[in-house]
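The lines below spell out each chain.
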Amino acid sequence: ADFNWAKRVVHGTKMAAAYWTIRTTGGKMLHIEYNANSKLGGIVREEGKRDVTIMANSPALVVDNVHVSLENQKLTVEVGGKWLMTAAVAAFPFGNLAAN
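In this report, the structure presented in the accompanying data block is examined.

What follows deals with the sheet that holds strand β8 (residues 66-71). Overall, antiparallel pairing links the 4 strands, which are arranged β7-β8-β9-β10 in an open sheet. In the strand order of this sheet, the two ends are held by β7 (61-63) and β10 (83-88), each with one partner. Neighbour-to-neighbour, the strand axes of the sheet open up by a mean angle of 15°, direction not taken into account. Of the strand pairs in this sheet, β8 and strand β9 (residues 74-79) are connected by 6 bridges, and their pairing is antiparallel. Note that in β9 the partner of His 67 across the bridge is Glu 78.

Put into structure tokens, the structure is as follows:
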């Protein structure tokens, strides 16, 4: 996708949120969300349970074989030693370039 930034056309993708849907080894379906604009952190949803907010530098949330944690604006989702996925809030690319 192309979008305009200052006087440049940037070819690429700008993401504002990440979502995962994961089935645990216990058969639970988790919906995990991390939004770059959120001041609270990540959210883990499981049917029939209250939403859990993943706060920065708190202990990881563990549901069966899934671990979810947030440190330094980077949400980490680990699935039983098989998958390691992260989403991090970062400054817009090219931020150090001189103004056009």
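Here we take up the nonpolar core. Counting residues in each nonpolar core, the largest one holds 16 residues, and the members touching the most others are Trp 20, Ile 22, Ile 32, Val 66, Val 68, Leu 75 and Val 77. Those elements that place two or more of their residues in this core are β3 (17-23), β4 (29-35), β8 and β9. In this structure Val 68 touches Ile 32, Val 44, Ile 54, Ala 60, Leu 61, Leu 75, Thr 76 and Val 77, once residues within four positions along its chain are discounted.

You can see Thr 76 is positioned in strand β9. Under the relative-accessibility criterion, Thr 76 is labelled buried at 18%. Apart from the residues lying within four places of it in its own chain, the contact partners of Thr 76 are His 67, Val 68, Ser 69, Leu 84, Met 85 and Thr 86.

Turning to the layout of surface pockets, a few remarks are in order. Roughly 180 Å³ of volume is contained in the second largest pocket. Lining the second largest pocket are 13 residues, and of these Tyr 34, Ser 38, Lys 39, Gly 41 and Gln 73 sit closest to its centre. Taken together, the residues of the lining of the second largest pocket break down into 7 nonpolar, 5 polar and 1 charged.

Turning our attention to the sheet that holds β4. To summarise the sheet geometry, strands pair through backbone hydrogen bonds and adopt either a parallel or an antiparallel arrangement. Taken together, 4 strands build an open sheet; the order of strands is β3-β4-β5-β6 and the sheet is antiparallel. Among the strands making up the open sheet, the edge pair consists of β3 and β6 (52-54). Direction aside, the axes of adjacent strands within the sheet are offset by 20° on average. Two strands pair when backbone bridges link them, and β3 and β4 are joined in this way by 7 bridges, in the antiparallel orientation. Directly across from Arg 23, in β4, lies its bridge partner Met 29.

Bringing the side chain of Asn 65 into the picture now. Structurally, Asn 65 is set in the loop between β7 and β8. Here Asn 65 is in contact with Thr 24, Thr 25, Glu 78, Val 79 and Gly 80, once residues within four sequence places are set aside.

Reading the values: the criteria
Residues numbered from 1 in each chain as written. Predicted model: local features only at pLDDT ≥ 70, side-chain atom pairs only at ≥ 80, totals over all residues. Heavy atoms only, no water. Pairing = 2+ DSSP bridges. Helix = DSSP H or I, 4+ residues; strand = E, 2+ residues; numbered from the N terminus. Axes fitted to C-alpha atoms, helices over the stretch in contact; angles between N-to-C directions. Core = buried A, V, L, I, M, F, W, Y, C linked by side-chain atoms within 4.5 Å. Buried < 20%, exposed > 50% of the residue type's maximum accessible area, 1.4 Å probe, protein only. Contact = heavy atoms within 4.5 Å. 1 Å grid on protein atoms, 1.4 Å probe; cavity = no way out; pocket = protein on both sides within 12 Å on 5 of 7 lines; lining within 4 Å. Points joined across faces, edges and corners; volume = space filled by probe spheres on them. Nonpolar A, V, L, I, M, F, W, Y, C, P; charged D, E, K, R; others polar.

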